[in-house]
Amino acid sequence: MHAKLDKWLCEHPHRPRLHGFPRFLTEFWFFGLKEARACVFAGLFFVAMFLVPKSGILGLPRYDVLLIFAIVVQLGMLWAKWETWDEIKSITLFHIVGFILELFKTSPDIQAALLPADAHIRASWAYPDFAYSKVFGVPLFTGFMYAAVASYIIQAWRLFDLHVYRMPPYSLATLTAIAIYLNFFTHHAIADLRWYIAAFVMGLYARSYVVFTPYDTPRKMPMLLAFVLIGFFIWLAENIGTVLGIWQYPNQIGAWSLVHISKFSSWSLLVIMTFTIVTHLKHIKATVFVAK
């Protein structure tokens, strides 16, 4: 059933006579279907966060239920051949990268041990509920929130037959991704360099664009716009996550308030880092054309 669905989405009978508004509706419909299919892991995980009560299920705390659910869904996608072992390795890498970031950002003790004495030390956000699967105050399920971004990009690449043109050299793109990641740690001890990195990214990817196929006609989009759009929707999902009390920022403890817009820029930069990791997969690398 799963393979048939993907085949139908990608190899459906073409209707080249479509023009005007009927073509727009058809392409928009298939774009939505492919996006929904690419978001299977992220979507199911998000629904679970919404449905699992704060008190947990059958005596098991909410965070532990979410961890078990995420593992089952990930294994199910592997069994259904919606993801390959190589893709799972890439997703797992981002899971680890995200969890390490969570540990550092939420633990003043870890920050105090790693940063200079005069560094700005505070928990950026917190997970208030009890869980058996917490490590230094961070539930293990949190790594799956980052892995969901990688899963979406991998799935979308296949379903939309993505091709990237005028990609920056891999070495430079990789160094930029490393700088993005390190800045989340080092800005506690030195100045926040995100806007300098963002300016560099804008120059680096200014000529890059992605070609994707919603229905039967390839369409083109600037890479920078794709990064911003994905980051924006993640920021919206993060706001809903804080409404549900899954995690809290310091300004949300007394009463909920909108997640600061600066987090939108952080997510957009993290999307670029995820994109860079994903482009190193063999079958994806074949569809990426580095600028000469």
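Residues numbered from 1 in each chain as written. Predicted model: local features only at pLDDT ≥ 70, side-chain atom pairs only at ≥ 80, totals over all residues. Heavy atoms only, no water.

Quick question: what am I supposed to make of the sheet that holds strand 4 (residues 209–212) here?
Backbone hydrogen bonds hold the strands of a sheet together, and the pairing may be parallel or antiparallel. Taken together, four strands build an open sheet; the order of strands is 5-4-3-6 and the sheet is mixed. Only two strands of the sheet have a single neighbouring strand rather than two, namely strand 5 (219–222) and strand 6 (288–290). Between one strand and the next, the sheet's axes are offset by a mean angle of 20°, whatever the strand orientation. With four bridges joining them, strand 4 and strand 5 adopt antiparallel strand pairing. Note that in strand 5 the partner of Val211 across the bridge is Lys220. Where helix 10 (residues 223–243) meets the sheet, it contacts strand 3 (163–167), strand 4 and strand 5, and its direction lies at approximately 75° from that of strand 5. (Pairing = 2+ DSSP bridges. Helix = DSSP H or I, 4+ residues; strand = E, 2+ residues; numbered from the N terminus. Axes fitted to C-alpha atoms, helices over the stretch in contact; angles between N-to-C directions. Contact = heavy atoms within 4.5 Å.)

Would you mind showing me how to read the packing of aromatic side chains here?
Any pair of aromatic rings gets described here by the distance separating the centres and the angle formed by the planes. Throughout the structure, instances matching the rule amount to 29 aromatic pairs. Where Phe104 meets Phe185, the ring centres are 4.8 Å apart and the plane angle is 55°; that geometry is what we call tilted. Here Phe185 lies in helix 8 (residues 170–186) and Phe104 lies in helix 5 (residues 85–106), a separation of 81 residues in the sequence. Aromatic side chains Phe227 and Phe275 sit 5.3 Å apart centroid to centroid with 65° between the ring planes, which places their arrangement in the edge-to-face category. Note that Phe227 is positioned in helix 10 and Phe275 in helix 11 (residues 262–278), a separation of 48 residues in sequence. Just as Phe227 is buried, Phe275 falls in that class too. (Phe/Tyr/Trp six-rings, centres within 6.5 Å; stacked < 30°, edge-to-face > 60°. Buried < 20%, exposed > 50% of the residue type's maximum accessible area, 1.4 Å probe, protein only.)

Would you mind going over the packing of helix 3 (residues 40–51) against helix 4 (residues 62–79) with me for this structure?
The axes of two packed helices give the description: the angle between them and the distance between them. Packing of helix 3 against helix 4 leaves a shortest axis separation of 10 Å and a crossing angle of 155°. In this view, helix 3 runs roughly antiparallel relative to helix 4, as classed from their interaxial angle. The hand of the helix 3/helix 4 crossing is right-handed. Contact residues: helix 3 offers Val40, Phe41, Leu44, Phe45, Ala48 and Met49, while helix 4 offers Leu66, Phe69, Ala70, Val73, Gln74 and Met77. A per-class count over the contact of helix 3 with helix 4 returns 11 nonpolar, one polar and no charged. (Parallel < 35°, antiparallel > 145°, perpendicular 65-115°, else oblique. Left-handed = near helix turned anticlockwise from the far one by under 90°. Nonpolar A, V, L, I, M, F, W, Y, C, P; charged D, E, K, R; others polar.)

Help me understand helix 2 (residues 20–38), please; the structure alone is not making it clear to me.
In an α-helix, one turn spans 3.6 residues, which is why side chains three or four residues apart end up on the same side. Taking 1.5 Å as the rise per residue, helix 2 with 19 residues should run 27 Å; its terminal C-alpha atoms sit 27 Å apart, in good agreement. Residues of helix 2 that are buried include every one of Arg23, Thr26, Glu27, Phe30, Lys34, Arg37 and Ala38, and no others. The buried residues of helix 2 all sit within an arc of 105° when viewed along its axis, so they share a single face. In helix 2, the exposed positions angled more than 90 degrees off the buried face are occupied by Phe21, Phe28 and Trp29. (Expected span 1.5 Å × (residues − 1). Arc of directions from axis to C-beta.)

Just to check I follow, could you spell out the pattern of salt bridges for this structure?
Once their charged atoms are close, side chains differing in charge can pair, the charge on each being opposite to the other. For the structure on display, the rule yields eight salt bridges. A salt bridge links Asp129 to Lys54; its shortest N-O distance comes to 2.7 Å. Of this pair, Asp129 sits in the loop between helix 6 (108–114) and strand 1 (134–135) while Lys54 sits in the loop between helix 3 and helix 4; the two residues are 75 residues apart in sequence, bridging distant segments of the chain. Note on Asp129: relative accessible area 11%, which makes it buried. Through salt bridges with shared partners, one network takes in Arg23, Glu27, Asp216 and Arg219. (Salt bridge = Lys/Arg side-chain N within 4 Å of Asp/Glu carboxyl O.)

Would you mind going over the environment of Ala48 with me for this structure?
If you trace the backbone, Ala48 turns up in helix 3. Along the backbone, Ala48 and Ala70 are 22 residues apart, and their C-alpha atoms lie at a distance of 9.0 Å. When near neighbours in sequence (up to four residues on either side) are disregarded, Ala48 contacts Leu66 and Phe69.

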